[in-house]
Amino acid sequence: MPSVPFPSRGAARLLTRLPVCPARVDPETPALGSRQRPEQILTMTDGLMSKAATMEIPINGTGDTGSLPEDDGLEQDLQQVMVSGPNLNETSIVSGGYGGTAEGIIPTSTVKGSGLHPPHPSPLATGDEAARGIAVEKFDIVKKWGINTYKCTKQLISERFGRGSRTVDLELETQIELLRDTKRKYECVLQLARALTHHFYSLVQTQHALGDAFSDLSQKSPELQEEFGCNAETQKLLCKNGETLLGAVNFFVSSINTLVNKTMEDTLMTVKQYETARLEYDAYRTDLEELSMGPRDTTTLCRLDAAQSHFQSHKEKYEKLRADVAIKLKFLEENKIKVMHKQLLLFHNAVSAYFAGNQQQLVQTLRQFNIKLKTPGAEKPSWLEEQ
């Protein structure tokens with residue numbers, strides 16, 4: 001709201017003498033102390049200005065100004081304006097320009113204190129910055145993956161077509177090929193052992209059923225009771241020895257399965273990581289060689305430094321995995337010899353004792369290798385006993 005100058009008492013006395021207009025009191029003028037609207041205050045101020053301009057200022061013979069009877073009324077009107085005017089601690093904002101109807105009162109205390117403290121970051125802005133940082137990080141990961149995949153694919157195609165060179169460790173490559181060939185042969189042995197177990201289980205079940213049939217016929221055929229009874233006892237004995245041999249074969253199959261599908265597979269997984277590291281190492285080595293043979297300008301030097309850094313990191317990774325593969329191959333060979341020595345001895349002794357009909361030796365073989373057999377006809381324990 002524009003500031004309105006108020007005439008002082010001395011200035012009013014210096015004005016030219018003009019006819020005095022009687023001051024009229026607007027009945028709509030609010031009482032003292034009430035809050036006025038800006039347009040009402042402006043109207044009252046204009047009235048006071050016109051009243052001051054039309055006052056009579058008498059001058060006596062000595063040149064001194066006399067007292068005006070209207071001075072008291074003017075002074076009261078000025079006091080009314082000052083009292084009923086807007087508070088200095090508040091700022092009136094009128095929307096729609098001068099003379100508008102909508103207004104708002106904003107305490108100046110809040111405006112004064114607003115510049116003393118820096119604004120606090122909103123949680124929404126902090127969340128946006130965190131999301132933006134995560135997006136940039138993911139973009140960098142995808143970018144690095146794309147560049148690495150492109151270089152490795154290029155190196156692989158070059159090797160397949162005989163245009164690129166590859167790093168070869170002849171001794172390690174020979175051991176890896178030997179391991180893969182050994183795994184294929186052991187898988188064949190495992191498959192045959194499982195087939196033997198399946199067929200022998202069917203044989204044992206057939207012998208058990210045949211022994212029950214002979215036992216039933218021995219009771220129903222008095223003239224052949226002795227012959228049926230003898231055959232029934234033989235089949236039951238073969239069934240019992242077959243179950244013992246079946247336990248030994250199952251232990252053999254379980255040990256071979258652990259050796260092939262866990263120990264050897266774990267070593268081959270490390271071999272795959274080694275081969276991937278070797279491919280990356282050759283890809284970045286080729287890239288470094290190409291940059292080294294190019295021109296040496298500022299951009300090329302920066303790319304050359306970056307390529308040298310990447311090559312060094314992949315070289316360290318390749319050498320580490322190569323050492324890991326060599327150690328695992330050594331331990332695998334030692335473990336394979338130990339396990340197969342035990343399992344082959346078990347298989348030989350169990351099969352020999354079974355077909356020789358030596359039940360005592362068969363049982364002793366299982367005890368030697370700590371193999372526990374389930375009691376024939378034993379029921380499965382309840383879930384309370386398993387807890």
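Scroll up to find the structure.
Structure report, in brief.

Thresholds, definitions, all that
Residues numbered from 1 in each chain as written. Predicted model: local features only at pLDDT ≥ 70, side-chain atom pairs only at ≥ 80, totals over all residues. Heavy atoms only, no water. Phe/Tyr/Trp six-rings, centres within 6.5 Å; stacked < 30°, edge-to-face > 60°. Helix = DSSP H or I, 4+ residues; strand = E, 2+ residues; numbered from the N terminus. Buried < 20%, exposed > 50% of the residue type's maximum accessible area, 1.4 Å probe, protein only. Axes fitted to C-alpha atoms, helices over the stretch in contact; angles between N-to-C directions. Parallel < 35°, antiparallel > 145°, perpendicular 65-115°, else oblique. Left-handed = near helix turned anticlockwise from the far one by under 90°. Nonpolar A, V, L, I, M, F, W, Y, C, P; charged D, E, K, R; others polar.

Some words on the packing of aromatic side chains
Then step 1. Within this structure, the stated rule accounts for 7 aromatic pairs.
Then step 2. With 4.9 Å between their ring centres and 35 degrees between their planes, Phe-252 and Phe-347 make a pair best called tilted. In this pair, Phe-252 sits in helix H7 (residues 225–292) while Phe-347 sits in helix H8 (residues 298–356), placing the two residues 95 residues apart along the sequence.
Then step 3. Aromatic side chains Tyr-274 and Tyr-318 sit 5.6 Å apart centroid to centroid with 20 degrees between the ring planes, which places their arrangement in the stacked category. Of this pair, Tyr-274 sits in helix H7 while Tyr-318 sits in helix H8, placing them 44 residues apart in sequence. Tyr-318 carries the same exposure label as Tyr-274, and that label is buried.
Then step 4. Taken together through their ring pairs, the aromatic side chains of Tyr-274, Tyr-281, Phe-311 and Tyr-318 make up a single cluster.

Details of the packing of H7 against H8
The geometry of a pair of packed helices is captured by two quantities: the angle between their axes and the separation between those axes.
Then step 1. Taken N-terminus to C-terminus, the directions of H7 and H8 make an angle of 165 degrees; their axes are 7 Å apart at the nearest point. The angle between H7 and H8 places the two elements in the roughly antiparallel class. In this structure, H7 meets H8 at a crossing whose hand is left-handed.
Then step 2. Residues of the contact of H7 with H8, tallied by class, amount to 31 nonpolar, 14 polar and 12 charged.

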